[in-house]
Amino acid sequence: MKYSHPVIDGHYHILEGWFNHEGQDFAKSAKAYRDSRGFDALNVCAVPYLEEYHTDVSNNILAALCKIRLPGTYAHGGLIYSDDHTPAYSPEEQYRDLMEIGFDGIKMLETKPSEIRRLGRAMDEPLFEGWFDAIEKGGTHMVWHVADPGHFWIRECVSQEFVDRGWFYGDGTYPSKEEIYRQVLNVLERHPLLKVTFAHFFFLGDEPQRLEEIFGKYPNVNVDITPGWEMYAAFGRDPAFWREFFVKYADRIGFGTDSGDESAGDPGIPDIVYRFLTTEEEQEIWGIRFGGIALDDGTLEKILRGNLLRRVGKTPKPVNRDALRRYIAKVRHLIRDDGLRGKIDGAEL
Ligand SMILES: [Zn+2]
C-alpha cells in the first residue's frame, strides 16, 4: 500500500543485526520497507540496551551505517552500558560522540519497566544529570520510551503469554507506572526545554487531561502515536473527542510505527496507523476495534512529517566517517556477537 500523503516513519528499529530473518541486510531491509509505502524517510531509533532482543552498541553502529547506506535516513542513538549495567563510559562523553558521528537525536528506552529493573537506576539520579543537561543545551531531539501500558501492572489483564515474555509488572519487583513518571517529570522539571517526543503517546491515552497539562507546562514535549493498541482502544471510544484533540495539538503529535527488519514482512501496522489518521474506517487488531479520525490535510502534514522535520532538521545530518571509525574502535569490544563484530569491522566507511 502506497500512501497518498507524504509521511516519515519517525520510529523505526533495526533489531535483527546485520541480516534479518530473510537474509536481507539491514539497509536493504530498511529500503524495502521505505519503498513499500513510499515513505519520504525513516528515523532509525537505535536501542543499544534492550533485554528482549539482546542488543548492544552494534545497534547504534548499524543505525549510523544505515544513514550512510540509505541516504535520507535519520537516526537517534542511545547510551551504551557495560555488562554490569553501568554506562560504558561517561554519559556526557557518549552524547558528544553520538553528535560528532552525526546522529540526528537521542533515543532512550531505559525507562521501560524491565530495563529499569535491570539497570537498578533512576533517570533522575546525578549520574545522568550531565547527559540530560547536554541534550537540553544542545537542543537535541529525543525519542523517549517511558513506562508501558497501565494494564501491564494488573495481573488479571495480562495473558499468560505476556507474563512469560516478562510483561507483567505487578509482582513487586518493578517500579510502579507512577514512580516512573515521577522520575521522568523530575528530569523535565530540571530540564524544562528538553525537546522530547515521548513514544507511544506517553502511555496516556486514558488520561488526555494529564497529557494536556504536560503539553501546557513543557513547550517542547511531543508524543508519537506508535502503537500500543491500548491507546487506539481509547481513541476508538470517542473519535470525535480525539479528532478535536489531534487538531488542537497538531504540532505536538508525530507518526511512528515501531516497524523494523523483523516486521517488514508484516505490513499491517503502519497501514493501520495511517488509516486511523486519514480515514474514518473501522479497523480491528488483537480484538480491539476503533474508527479513524479522518484529519484535515493541514493537520496531517504536521503529524505525518512536519513536526519531526521541525525538530530534527529538513535533511538528516551527514555521518562523520572518521568519528564513526573512532567510535567503533572504542566500543567494538562490547559487541557480543563475533559474526556481527566482523561485519562491522569489514564495513565500508
Ligand atoms: Zn520502539
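Residues numbered from 1 in each chain as written. Predicted model: local features only at pLDDT ≥ 70, side-chain atom pairs only at ≥ 80, totals over all residues. Heavy atoms only, no water.

Counted according to the given criterion, the structure contains 33 salt bridges. For Arg-305, the salt bridge goes to Glu-301, with nearest N and O atoms at 3.0 Å. Here Arg-305 and its partner Glu-301 are both found in helix α12 (residues 297-312), 4 residues apart, which amounts to about one turn of the helix. Salt-bridge contacts for Asp-338 lead to Arg-341; the nearest nitrogen and oxygen are separated by 3.0 Å. Taken together, the residues Asp-338 and Arg-341, both in helix α14 (residues 338-345) and 3 residues apart, mark about one turn of the helix. What makes Arg-341 buried here is its relative accessible area of 18%. Several salt bridges converge on common partners, so that one network encompasses Asp-25, Lys-28 and Arg-69. (Salt bridge = Lys/Arg side-chain N within 4 Å of Asp/Glu carboxyl O. Helix = DSSP H or I, 4+ residues; strand = E, 2+ residues; numbered from the N terminus. Buried < 20%, exposed > 50% of the residue type's maximum accessible area, 1.4 Å probe, protein only.)

This part takes up helix α8 (residues 208-217). Within α8 the residues assigned to the buried category are Pro-208, Arg-210, Leu-211, Ile-214 and Phe-215. End-on view of α8: buried residues confined to an arc of 160 degrees, all on one side of the axis. Along α8, exposed side chains directed more than 90 degrees from the buried face belong to Gln-209, Glu-213, Gly-216 and Lys-217. Against the buried residues of α8 lie α7 (177-190), β7 (222-224) and α10 (239-248). (Arc of directions from axis to C-beta. Contact = heavy atoms within 4.5 Å.)

As a further point, take unusual backbone geometry. The omega torsion of the bond from Pro-227 to Gly-228 falls at -5 degrees, within 30 degrees of zero and hence cis. Structurally, Gly-228 is set in the loop between β7 and α9 (229-237). In this structure, Phe-201 is a non-glycine residue whose phi angle is positive, near 60 degrees. Counting through the fold element by element, Phe-201 comes out in the loop between β6 (195-198) and α8. Positive phi values are uncommon outside glycine, yet Trp-286 reaches one of about 50 degrees. Within the secondary structure, Trp-286 is located in the loop between β10 (282-285) and β11 (288-291). Taking the relative accessible area as the measure of exposure, Trp-286 reaches 66% and is therefore exposed.

Moving on, we get to the packing of helix α1 (residues 26-37) against helix α2 (residues 58-69). If you want to describe how two helices pack, look at the angle between their axes and the distance between the axes. One way to put it is that α1 packs onto α2 with a least axis distance of 9 Å and a crossing angle of 65 degrees. For the pair α1 and α2, the crossing hand works out as right-handed. Touching Phe-26, Ala-27 and Ala-30 of α1 are Leu-62, Leu-65, Cys-66 and Arg-69, all from α2. Partitioning the contact of α1 with α2 into residue classes produces 6 nonpolar, no polar and 1 charged. (Axes fitted to C-alpha atoms, helices over the stretch in contact; angles between N-to-C directions. Left-handed = near helix turned anticlockwise from the far one by under 90°. Nonpolar A, V, L, I, M, F, W, Y, C, P; charged D, E, K, R; others polar.)

The next thing to look at is the coordination of the zinc ion. Every protein donor of the zinc ion is listed here as His-11 (NE2), His-13 (NE2) and Asp-258 (OD), and their distances to the metal cover 2.1 Å. All donor residues of the zinc ion come from one chain, and their arrangement in sequence is H-x1-H-x244-D. With a relative accessible area of 0%, His-11 lands in the buried category. (Donors = N, O, S within 2.8 Å, 3.2 Å for Na, K, Ca; no water.)

Our focus in this paragraph is the packing of aromatic side chains. A full pass over the atoms with the stated rule returns 39 aromatic pairs. Each residue in the set Phe-201, Phe-215, Trp-229, Tyr-232, Phe-235, Phe-241, Trp-242, Phe-245, Phe-246, Tyr-249, Phe-276 and Phe-290 is aromatic and connected to the rest through ring pairs, giving one cluster. The side chain of Arg-155 reaches across the aromatic face of Phe-168, ending 5.8 Å from its centre. (Phe/Tyr/Trp six-rings, centres within 6.5 Å; stacked < 30°, edge-to-face > 60°. Lys NZ or Arg CZ within 6 Å of the ring centre and 35° of its normal.)

Across the sheet, which stays open at both edges, the 9 strands sit in the order β8-β7-β6-β5-β4-β3-β2-β1-β9 with parallel pairing between neighbours. Of all strands in the sheet, those with a lone pairing partner are β8 (253-254) and β9 (259-260), marking the two edges. When strand β1 (residues 8-13) meets strand β2 (residues 41-45), the two strands line up parallel, connected through 3 bridges. By the bridge assignment, Asp-9 is partnered in β2 with Leu-42. With respect to the sheet, α12 is in contact with β1, β2, β3 (74-77), β5 (141-146), β6, β7 and β8, its orientation differing from that of β1 by roughly 75 degrees. (Pairing = 2+ DSSP bridges.)

Moving on, we get to the packing of α2 against helix α13 (residues 321-331). Where α2 meets α13, the axes come as close as 11 Å, and the angle between the chain directions of the two elements is 160 degrees. What the angle tells us is that α2 and α13 run roughly antiparallel. Here the hand of the crossing between α2 and α13 comes out left-handed. Across from Asn-60, Ile-61, Ala-64, Leu-65 and Ile-68 in α2, the residues of α13 making contact are Arg-321, Leu-324, Tyr-327, Ile-328 and Val-331. Looking at the contact of α2 with α13 residue by residue, the classes come out as 8 nonpolar, 1 polar and 1 charged. (Parallel < 35°, antiparallel > 145°, perpendicular 65-115°, else oblique.)

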